[in-house]
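The chain contents come next:
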Amino acid sequence: MPGFSIQRIPLEIRKAATVIAIAIVLASSFAAAYTVALGRPSPRNLPVGVVGSSAITAPFVDALHRNKSEFDVHQYSSRQDAIDALNRQRITAAIDAAATPPQLLLSSASDPSGSRALIQLDQTQPGQFILPIVDLHPLPPSDPAGLATFYLVIAATILGFITMFQLRANVKTLSLRRWLSCLVVLAVVGGAALAGVTGPVLGALSTPFPQLWLLTSVQIAVAALFNSAMLVLIHRWAIIPTWLVFILLGNTSSGGAVSASLLPQPFALFNHALPSGATVSAIHAATYFPDNQRVLPFVVLGLWLVGSLVALIVASRTLHRSPAA
């Protein structure tokens with residue numbers, strides 16, 4: 001249109017259009033990411049063991065290698081060695097070719113979606129299997145799909161960053177010191193509440209309560225600290241990086257709904273780097289494998305917790321404002 005200028009559009013209309021456009025982009029990317037990452041899971045270097053001599057295991061190894069990059073095959077000399085690897089979560093399943101008849105050993109608690117994928121491959125038709133299945137670590141009746149940890153981490157994440165937005169909107173006089181005090185209270189009390197509901201109240205997770213409380217509180221704190229730092233740096237647009245890190249990438253790659261071994265890249269990589277994946281992994285191990293807890297998830301959570309806190313303090317002191325301002 002001749003002579004048209006965007007400046008002629010009222011400022012409030014332009015602001016409203018910007019907000020709506022960003023919301024649509026975030027929602028569309030959410031739908032796309034979840035469809036790609038969680039909608040079409042398939043094995044990608046899924047770690048599977050085989051037990052027995054090479055002559056006995058050759059047909060099974062050949063079958064696993066039929067589709068490239070689907071399985072990462074590990075050879076074990078004895079059934080007990082394979083079981084030890086399953087207990088340490090180094091492999092998801094093992095084919096004991098030395099047994100009569102050969103058996104498929106699973107650990108559905110360590111990798112529910114991976115185990116489901118293997119069961120589907122082992123089925124000739126519903127209820128009939130090529131290999132008899134032995135589940136060494138079955139999921140409990142209280143969480144038959146293995147999703148309780150995933151839901152808990154989502155709730156902790158949302159509680160962490162949504163509360164920060166609400167604090168900013170309703171209590172604009174908070175100094176950084178008082179803001180951090182509120183954040184600590186939120187993490188401790190909120191973590192206890194969510195852990196209590198998921199654990200003792202509903203019985204969905206049998207995790208020792210102190211560990212479940214600690215890990216849930218850390219997830220709340222990380223989400224809240226990251227969002228607080230973004231509030232200082234980019235004000236009301238803090239929702240964009242927070243949504244990207246914790247919802248768009250964090251939840252899809254957490255391994256709670258679909259395990260990392262079934263996720264496409266780059267989501268499989270993010271599983272080991274983002275706090276949601278670390279929290280899911282730590283809670284899962286504390287629940288089902290308390291004697292074989294991994295160090296990496298705690299390192300990742302510690303780095304995110306300290307890094308977000310340092311970023312918040314440095315940004316607040318450099319720009320001379322609190323997240324509430």
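None of these values were measured; they are calculated from a predicted model.

The rules we used
- Numbering of residues starts from 1 in each chain and follows the order in which that chain's sequence is written.
- Restriction of local features to residues with pLDDT of at least 70 applies here, the model being predicted, together with a cutoff of 80 or more for giving and counting side-chain atom pairs; totals for whole chains, interfaces and linings are based on all residues.
- Only hydrogens and water are set aside; all other atoms, that is, all heavy atoms of the structure, feed into the side-chain values.
- Each residue carries a pLDDT value, the predictor's own confidence for that position, ranging from 0 to 100.
- The numbering of helices and of strands both runs from the N terminus, where a helix is a DSSP run of H or I of at least 4 residues and a strand a run of E of at least 2.
- We define the nonpolar core as a collection of buried residues of types Ala, Val, Leu, Ile, Met, Phe, Trp, Tyr and Cys that are connected through side-chain atoms lying within 4.5 Å of one another.
- With a 1.4 Å probe rolled over the protein chains alone, any residue whose accessible area is under 20% of its type maximum counts as buried; one over 50% counts as exposed, and the rest are partly exposed.
- The contact rule is simple, with two residues in contact once any of their heavy atoms fall within 4.5 Å.
- Any two of the Phe, Tyr and Trp rings considered here, Trp counted by its six-membered ring, make a pair once their centres fall within 6.5 Å; the pair's planes then place it as stacked at under 30 degrees, edge-to-face at over 60, or tilted in between.
- Two strands qualify as a pair provided DSSP detects at least 2 bridges between them.
- Working convention: axes come from line fits to C-alpha atoms, limited for helices to the stretch in contact. Angles between N-to-C directions cover 0 to 180 degrees.

A. Representation of the confidence of the model for the protein within the structure. When pLDDT is averaged across the protein, the result is 87; 95% of the residues are at 70 or more. Within the protein, the element-level pLDDT minimum falls on strand 6 (residues 128-129), averaging 64, and the maximum on helix 7 (residues 209-234), averaging 97.

B. Here's a closer look at the nonpolar core. By size, the foremost hydrophobic cluster in this structure holds 75 residues, and its most contacted members are Met164 and Trp179. Looking at which element gives the most residues to this core, the answer is helix 7, with 14 residues. For Trp179, the residues in contact, after removing those within four places along its chain, are Met164, Leu167, Arg168, Leu174, Ser228, Leu231, Pro323 and Ala324. Ranked by size, the runner-up nonpolar core spans nine residues in total, among them Tyr76, Ile83, Ala85 and Leu86.

C. How the structure looks around the packing of aromatic side chains. Within this structure, the stated rule accounts for five aromatic pairs. Plain terms: the ring middles of Phe150 and Tyr151 are 6.0 Å apart, the flat faces sit at 45 degrees to each other, and that makes the pair tilted. Residues Phe246 and Trp304 carry aromatic rings whose centres are separated by 6.5 Å and whose planes lie at 65 degrees to one another, so their mutual orientation is edge-to-face. Taken together, the positions of Phe246 in helix 8 (residues 239-253) and Trp304 in helix 11 (residues 296-319) put the pair 58 residues apart, joining distant regions of the chain. A residue is classified by how much of its surface remains accessible, and Phe246, at 0% relative accessible area, is buried. Site record: aromatic cluster; members linked through ring pairs are Phe226, Phe246 and Trp304.

D. Fine view of the sheet that holds strand 4 (residues 103-106). Judged by pairing direction, the sheet is mixed, and its five strands sit side by side in the order 2-1-3-4-7 without closing on themselves. Of all strands in the sheet, those bounded by a partner on one side alone are strand 2 (71-76) and strand 7 (133-135). Between one strand axis and the next, the sheet turns through 25 degrees on average, direction left out of account. Two elements, strand 1 (residues 46-51) and strand 2, share six bridges in a ladder whose sense is parallel. Across the sheet, residue Val48 finds its bridge partner in strand 2, namely Val73.

E. Local environment of the pairing of strand 1. With six of six residues buried, strand 1 is to be regarded as a mostly interior element. By the alternation rule, side chains of strand 1 split into Leu46, Val48 and Val50 and Pro47, Gly49 and Val51, which are all buried.

F. Up close: unusual backbone geometry. Along the chain, Thr100 connects to Pro101 via a cis peptide bond; the corresponding omega equals -5 degrees. Note that Pro101 resides in the loop between strand 3 (93-96) and strand 4. Of note, the amide linkage connecting Gln265 to Pro266 takes the cis form, showing an omega dihedral of 5 degrees. Of note, Pro266 is situated in the loop between helix 8 and helix 9 (267-273). Despite not being glycine, Gln89 shows a phi value in the positive range, around 60 degrees. In this structure, Gln89 sits in the loop between helix 3 (79-87) and strand 3. For His235, which is not a glycine, the phi torsion comes out positive at approximately 55 degrees. Secondary-structure assignment places His235 in the loop between helix 7 and helix 8. Given the relative accessible area of 29%, His235 is considered partly exposed.

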